[in-house]
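Spelled out, the chains give:
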Amino acid sequence: MFFQKKTEALSIDTSRLPKHIAIIMDGNGRWAAKRALPRQAGHKAGAEAFERLITDAKEMGIEHITVYAFSTENWKRSQEEISAIMDLMRYYLKNSFQRFLKDNVRMHIIGDISRLDEDIQNQIREVEEKSKAKNGMTVHIALNYGGRDELRRGIQQIAEKAANGLSPLEISEELIEAHLDTAGVPDPELVIRTSGETRISNFLLWQIAYSEFYFTDVLWPDFGKKDLEKAIYYYQNRERRFGGR
Ligand code: FPP
């Protein structure tokens, strides 16, 4: 566990960058409240911060970024707020995501999209189809995502295979990994959560077994390149032992 310290002149080793950074973009509501704006304005500013982050991370040479855009628990929010986040997603699918694709970025959605409106699902399928030809950085957007739900869906598929002859002895960690939404994606070495909260909130439960955690008080809409560099600097100054010595 870590809270940021004031660090000057950070020197990042570009040969030891994390391949995969996962981010819990928290604090949009508080950012808006501080400005006496509606929560939706916080999400709009949050989406803009997301767009800047992708550009910065791509320039730095990060291979995978996963962001928590909408959790399975976020349905408990007001209808007004849910609609605002979904409208933002519609806008980003049609605009920014198309620009990312032109820049050779692969877009991948994780989570159970079947609960989303039909037009959003269609737009996601189109973006993912276009992504097949891209081989640059991959951006994974967690939408109606929950770590437990992802495991439940994966286990359901494995159970179906077991009912059709798969031996329980064949259920290895590799087989479970292959049935997750992130199949084939390297585990995140670094998880960032903004806004001072230090919970994992059902994010990538299986994949974070050996991740380093970076917590910062910065509210998500204010998170910029300097903050990303601080997080990477922190990561590079940790010793990762994977349970060994
Ligand atoms: C958490 O802040 C943020 C969310 C639940 C939504 C995140 C959505 C976006 C950043 C916009 C859409 C993203 C993309 C990829 C286009 P909060 O509302 O919980 O903030 P609070 O804790 O201060 O209330």
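Going by the structure above, here's the rest.
Here is a short report on the structure shown in this document.

The rules behind these values
Residues numbered from 1 in each chain as written. Predicted model: local features only at pLDDT ≥ 70, side-chain atom pairs only at ≥ 80, totals over all residues. Heavy atoms only, no water. Pairing = 2+ DSSP bridges. Helix = DSSP H or I, 4+ residues; strand = E, 2+ residues; numbered from the N terminus. Axes fitted to C-alpha atoms, helices over the stretch in contact; angles between N-to-C directions. Expected span 1.5 Å × (residues − 1). Core = buried A, V, L, I, M, F, W, Y, C linked by side-chain atoms within 4.5 Å. Buried < 20%, exposed > 50% of the residue type's maximum accessible area, 1.4 Å probe, protein only. Contact = heavy atoms within 4.5 Å. Arc of directions from axis to C-beta. Phe/Tyr/Trp six-rings, centres within 6.5 Å; stacked < 30°, edge-to-face > 60°. Lys NZ or Arg CZ within 6 Å of the ring centre and 35° of its normal. Near = heavy atom within 4 Å. Areas by Shrake-Rupley, 256 points an atom, 1.4 Å probe, with all protein chains shown as cover. Nonpolar A, V, L, I, M, F, W, Y, C, P; charged D, E, K, R; others polar. Polar contact = N/O pair within 3.5 Å; in protein donor to acceptor, adjacent residues only side chain to side chain.

The subject of this paragraph is the sheet that holds strand 3 (residues 106-110). What the six strands build is an open sheet, ordered 3-4-2-1-5-6; its pairing is parallel. Only two strands of the sheet have a single partner each, and these edge strands are strand 3 and strand 6 (212-215). Adjacent strand axes in the sheet meet at a mean angle of 20 degrees when their direction is disregarded. Examined bridge by bridge, strand 1 (residues 20-24) and strand 5 (residues 190-193) share four bridges and lie parallel to one another. Bridging across to strand 5, Ile24 finds its partner in Arg193.

This paragraph deals with helix 2 (residues 39-60). For helix 2, spanning 22 residues, the distance from its first C-alpha to its last is 31 Å, which sits close to the expected 32 Å at 1.5 Å a residue. Among the residues trailing helix 2, Gly61 stands out with phi positive, at a value near 100 degrees.

By size, the foremost hydrophobic cluster in this structure holds 49 residues, and its most contacted members are Phe50 and Ile141. Discounting residues that sit within four places of it in the chain, Ile141 has contacts with Phe50, Val67, Ala69, Phe97, Met107, His108, Ile109 and Ile110. Within the second largest apolar cluster, 10 residues are counted, among which are Ala22, Phe203, Leu204 and Ile208.

In a regular helix each residue adds 1.5 Å, so 14 residues correspond to 20 Å; helix 5 (residues 118-131) covers 20 Å between its end C-alpha atoms and thus fits that length. Among all positions in helix 5, only Ile120, Gln121, Gln123, Ile124, Val127 and Ser131 are buried. Seen along its axis, helix 5 keeps its buried residues to an arc of 165 degrees; they face one direction. Residues of helix 5 that are buried make contact with helix 3 (79-94), helix 4 (96-102), strand 3 and strand 4 (138-145).

The tally for this structure, following the rule as stated, stands at 12 aromatic pairs. Each ring, one from Phe70 and one from Trp75, has its centre 4.9 Å from the other, and the planes form 75 degrees; the classification is edge-to-face. Taken together, the ring pairs connect Phe50, Tyr91, Tyr92, Phe97 and Phe100 into an aromatic cluster. Here the guanidinium or amino end of Arg115 rests over the ring plane of Trp75, the centre of that ring lying 4.2 Å away.

So, about the site of the ligand. Taken together, 17 residues are adjacent to the ligand, and Asp26, Gly29, Arg30, Arg39 and Arg77 come closest. Burial of the ligand by the protein amounts to 92% of the accessible area it has alone, namely 620 Å². Looking at the shell around the ligand, the elements with two or more residues in it are helix 1 (28-34), helix 2 and helix 3. Broken down by element, the residue count for the shell around the ligand peaks at five residues, all from helix 2. A class-by-class count of the residues in the shell around the ligand yields seven nonpolar, six polar and four charged.

A word on the side chain of Ser211. Here Ser211 shows up in the loop between strand 5 and strand 6. Exposure remark for Ser211: the relative accessible area of 9% places this residue in the buried category. Here Pro188 takes part through its backbone oxygen, which lies 2.6 Å from a polar atom of the side chain of Ser211.

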